Amino acid sequence: MNNSDLAQILIRAVEEADSSDRLLDAVQELAACGMEEGVPTLIAALGYNNPGAAVAAVDGLIAIGEAAVQPLLQLIDGYNYGARAWAIRALAGIGDVRALDTLLEAAKSDFSLSVRRAAARGLGTLRWQQVPPEKLESLQTQVLEALLLISQDPEWVVRYAAVTSLETLAIAIAVTLPDQASRIKNQLQHMLDTDVDLGVRTRVKFAQEKIQPQQLQQHQEVFAPRIKLQDTDVAHRGDGRR
């Protein structure tokens, strides 16, 4: 039996499940196989009234990764709020930049705190290496503006998620947008001084430690050789045009 045949068997098992338990088992097996053929069925499972199956489907979609992103964006059910919420969680877990607009909208305006939290965390796991160099600074600035806003969310769990993403963004822009780092530091200090939740303030302290200059210097040293190589390559191409 080849992988395609196995995928079809597992897909049929999901479609033909006649009880909640059998549906959960079938979705878990399909998710565990990690096959792209199962993506539409896993997305469909997000809309079933079965939270266990939805969790399994999210885990499976995250494991499949980039191949699941475009189908998720195309098949998000705007009329089924539960399915949309699970899809946001899957996109946040994958971290693909194609989902940026969807994550930004959800993080800033979704009425569910759990969805806003998931989207806010997703903004901190974006894979910036996917972004063309000419668009990188613009998109990172867009995410920074959003996270500064989201860090003022009335729900502490959303603010907590925003802090984790501000930390990872600070590390990323230490190379690309070093002049913007002070905005993150100022916001974190403001939260440390004013946030009413102890958990958020504790997470802020941890983030502040992680983005100390000596910590950021280590990240800059990791990325510096790549940047220098790109600059050299551009210079050589320029020489060739003269």
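A quick note: this is a predicted structure, and the numbers were derived from the prediction, not measured.

Turning next to the packing of helix α6 (residues 81-94) against helix α7 (residues 100-109). Look at α6 against α7: their axes get within 10 Å of each other, and the N-to-C directions meet at 120°. Compared by their axis directions, α6 and α7 come out oblique. Regarding α6 and α7, the two cross each other, and that crossing is left-handed. Residues Arg84, Ile88, Leu91 and Ala92 of α6 touch α7, and the partners they reach there are Thr102, Leu103, Glu105 and Ala106. Considered class by class, the residues forming the contact of α6 with α7 number 5 nonpolar, 1 polar and 2 charged.

A few words on the packing of aromatic side chains. Going through the model one piece at a time under the given rule, you end up with 2 aromatic pairs. Centroid distance tryptophan 156 to tyrosine 160: 6.2 Å. Interplanar angle 85°. Geometry classified as edge-to-face. Of this pair, tryptophan 156 and tyrosine 160 both sit in helix α10 (residues 156-176), 4 residues apart, roughly one helical turn. Tyrosine 160 gets classed as partly exposed once you look at its relative accessible area, which sits at 29%.

The topology assignment puts glutamine 208 in helix α12 (residues 198-210). When neighbours within four sequence positions are excluded, glutamine 208 is seen to be in contact with Leu188, Gln189 and Leu192.

Time to look at helix α1 (residues 3-16). Counted at 1.5 Å a residue, the expected span for α1 with its 14 residues is 20 Å, and the 20 Å between its end C-alpha atoms agrees. Buried residues belonging to α1 abut α2 (20-33) and α3 (39-45).

A few words now on helix α4 (residues 51-64). An α-helix turns once every 3.6 residues. As a result, residues three or four positions apart point the same way. Between its first and last C-alpha atoms α4 spans 20 Å; for 14 residues at 1.5 Å apiece the expected length is 20 Å, and the two agree. By the burial criterion, the buried members of α4 are Ala53, Ala54, Ala56, Ala57, Val58, Gly60, Leu61 and Ile64. In this structure, the buried residues of α4 make contact with α2, α3, α5 (69-75) and α6. Phi turns positive one or two residues past the end of α4, at glycine 65, with a value near 80°.

Thresholds, definitions, all that
- Residues numbered from 1 in each chain as written.
- Predicted model: local features only at pLDDT ≥ 70, side-chain atom pairs only at ≥ 80, totals over all residues.
- Heavy atoms only, no water.
- Axes fitted to C-alpha atoms, helices over the stretch in contact; angles between N-to-C directions.
- Helix = DSSP H or I, 4+ residues; strand = E, 2+ residues; numbered from the N terminus.
- Parallel < 35°, antiparallel > 145°, perpendicular 65-115°, else oblique.
- Left-handed = near helix turned anticlockwise from the far one by under 90°.
- Contact = heavy atoms within 4.5 Å.
- Nonpolar A, V, L, I, M, F, W, Y, C, P; charged D, E, K, R; others polar.
- Phe/Tyr/Trp six-rings, centres within 6.5 Å; stacked < 30°, edge-to-face > 60°.
- Buried < 20%, exposed > 50% of the residue type's maximum accessible area, 1.4 Å probe, protein only.
- Expected span 1.5 Å × (residues − 1).

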